[in-house]
Amino acid sequence: MEPTSGTALTGRDRLAEDVRRGLGRRQKQLQPRHLYDALGSQLFEAICELPEYRITRAERRLLAAHAAAIGGGLASPVTLVELGGGNGEKLVLLIEPLVRRLPDLRVALVDVSATALDLATRTLGRFPGLGVTGHQATYEDGLRRVAHGRSGDDTMMVAFLGSNIGNLDPSAARTFLGTLRSALRAGDRLVLGADLVKPEAELVLAYDDPLGVTAAFNKNLLGRLNRELGANFDLDQFAHRAVWNATASRVEMHLESLCAQTVSIPGADCRVRFAQGESIWTESSYKYETEEIAALAAAGGFTRRDQWVEPESRFAVTAFDAT
Ligand SMILES: C[S@@+](CC[C@H](N)C(=O)[O-])C[C@H]1O[C@@H](n2cnc3c(N)ncnc32)[C@H](O)[C@@H]1O
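Residues numbered from 1 in each chain as written. Predicted model: local features only at pLDDT ≥ 70, side-chain atom pairs only at ≥ 80, totals over all residues. Heavy atoms only, no water.

Q: Hey, could you run me through the domain arrangement of the protein chain in this one?
A: Many structure descriptions define interface size as the accessible area lost when the parts assemble. The assigned domain composition of the protein chain is domain 1 (11-34 + 201-286) and domain 2 (55-196 + 288-322). Listed as interface residues are eight residues of domain 1 and, on the opposing side, eleven residues of domain 2. Taken together, the two surfaces of domain 1 and domain 2 that pack against each other cover about 720 Å², and 52% of this comes from carbon and sulfur. For the pair domain 1 and domain 2, the interface holds zero salt bridges. Taken together, the links from domain 1 to domain 2 amount to two residue pairs in polar contact (both at pLDDT 80 or more). (Domains from an automatic or database assignment. Contact = heavy atoms within 4.5 Å. Buried area = accessible area lost by both parts, 1.4 Å probe. Salt bridge = Lys/Arg side-chain N within 4 Å of Asp/Glu carboxyl O. Polar contact = N/O pair within 3.5 Å; in protein donor to acceptor, adjacent residues only side chain to side chain.)

Rendered as structure tokens:
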């Protein structure tokens, strides 16, 4: 998947343009950020509770154990920025040791989802006096805004957790990390959570749970196009598919058309034909080895400080310095 575009289009216009372009491709495709409308964000919350989706619990364990080291050595004033943070619960784990020694800590939240920003702002309410600003924006646009508004002497720590990096293909991830680095200054820090390669059965189950929550999360994207763009997708005529592509090292989520059908999307000014079995590719989740994570960030201009791996679920949190 491509990184988000930095053009001036926003909201419904951005969605309409992405839909028109993505569904016009030979392999129909929609960008994963569109999965997160209000309902999609709540469904993602439910995914995090699923026994089969181990990413959230594994990363929380690592952050709880190593938060002090992750933020170690940072001196006031510090701005902690989370990109695509969802409900803010992981940020709490990073903030706890910092706020004790840095009472003037400030936090900036960047997320495309207003619901996620709301949840996170409420979560951070448990730190009275903590300065929190929310930016409903793509990673790149939000980061640009935060970097533009920073003071001359503060240090920034950017958290990019939950394997959000895995939604970008490796070349887009390198470009994204380069963009991130160029918005930072030497001495700033990055904490990156990334899921690791593991047995196929475990990976597929994490994205195709028996309860059907991930299927609902995926199909909600079509519901969103019905609600926001006046489309007439029949959700019963599409099936959720999660497949492990071993060559590319990614789990792909698709919505597969169960019959030959044509769908109208007036808000995107298009009609889309589907053959039976044809799919819309909605998300990739790339899985890495620990050394590949360090190499990706190194190509972007970061130096690894430390890395912690949760061996049971195979998840890694890596702290980097902007050098
Ligand atoms: C997979 S969830 C992960 C949430 C959180 N990091 C966690 O670990 O639980 C991805 C989050 O990033 C947001 N998001 C997805 N794509 C985005 C983009 N391109 N720009 C900004 N936010 C994005 C979503 O709204 C969602 O809150």
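Q: Looking at this structure, I do not really get helix H5 (residues 114-124). What am I missing?
A: An α-helical segment advances 3.6 residues per turn. Residues three or four places apart therefore align on the same side. Of all the residues in H5, the buried ones are Thr115, Ala116, Leu117, Leu119, Ala120, Thr123 and Leu124. Where H5 is buried, its residues touch helix H2 (38-49), helix H4 (89-101), strand S3 (106-111) and strand S4 (131-136). (Buried < 20%, exposed > 50% of the residue type's maximum accessible area, 1.4 Å probe, protein only. Helix = DSSP H or I, 4+ residues; strand = E, 2+ residues; numbered from the N terminus.)

Q: Would you mind showing me how to read empty space enclosed by the protein here?
A: Sizing a probe to match a water molecule and rolling it over the atoms shows the empty space that remains. Following the criterion strictly, the structure yields one cavity of 30 Å³ or more and no others. Estimates place the volume of the largest cavity at around 50 Å³. Lining the largest cavity, in full, are Glu82, Gly85, Gly86, Leu109, Val110, Asp111, Ala116, Leu117 and Ala120. Those elements that place two or more of their residues in the lining of the largest cavity are S3 and H5. For the lining of the largest cavity, the residue count by class is five nonpolar, two polar and two charged. (1 Å grid on protein atoms, 1.4 Å probe; cavity = no way out; pocket = protein on both sides within 12 Å on 5 of 7 lines; lining within 4 Å. Points joined across faces, edges and corners; volume = space filled by probe spheres on them. Nonpolar A, V, L, I, M, F, W, Y, C, P; charged D, E, K, R; others polar.)

Q: Is there a simple way to think about the pattern of salt bridges in this case?
A: A complete count under the given rule lists 25 salt bridges for this structure. Between Arg150 and Asp188 there is a salt bridge, with its nearest N and O atoms 2.9 Å apart. Taken together, the residues span a long stretch of sequence, with Arg150 in the loop between helix H6 (139-148) and strand S5 (155-160) and Asp188 in the loop between helix H7 (170-183) and strand S6 (189-195) at a distance of 38 residues. Across the pair, Asp188 and Arg150 agree in class, each one buried.

Q: Explanation requested: unusual backbone geometry in the structure shown.
A: What you tend to see is this: most non-glycine residues have negative phi, and most peptide bonds are trans. With an omega dihedral of -10 degrees, the bond running from Ser76 to Pro77 counts as a cis peptide bond. Mapped onto the secondary structure, Pro77 falls in the loop between helix H3 (55-70) and strand S2 (78-83). Residue Ser163 is not a glycine yet carries a positive backbone phi of 60 degrees. Here Ser163 is to be found in the loop between S5 and H7. If you check the backbone angles, Asp269 has positive phi at about 55 degrees while not being a glycine. Relative to the assigned elements, Asp269 resides in the loop between strand S9 (261-265) and strand S10 (270-274).

Q: Even after reading the chapter, I still don't get the nonpolar core, so can you show me in this structure?
A: Where a protein is soluble and globular, its nonpolar side chains tend to be buried together. Residues Val19, Leu80, Leu94, Ile95, Leu124, Phe233 and Ile265 are the most contacted members of the largest nonpolar core, which totals 67 residues. In terms of domain composition, this core takes at least three residues from each of domain 1 (11-34 + 201-286) and domain 2 (55-196 + 288-322). Not counting chain neighbours up to four residues away, the residues in contact with Ile265 comprise Val19, Leu23, Leu229, Ala231, Phe233, Cys270 and Val272. Among the nonpolar cores identified, the runner-up in size contains 31 residues, and Ile165, Ala194, Ala297 and Ala322 belong to it. (Core = buried A, V, L, I, M, F, W, Y, C linked by side-chain atoms within 4.5 Å.)

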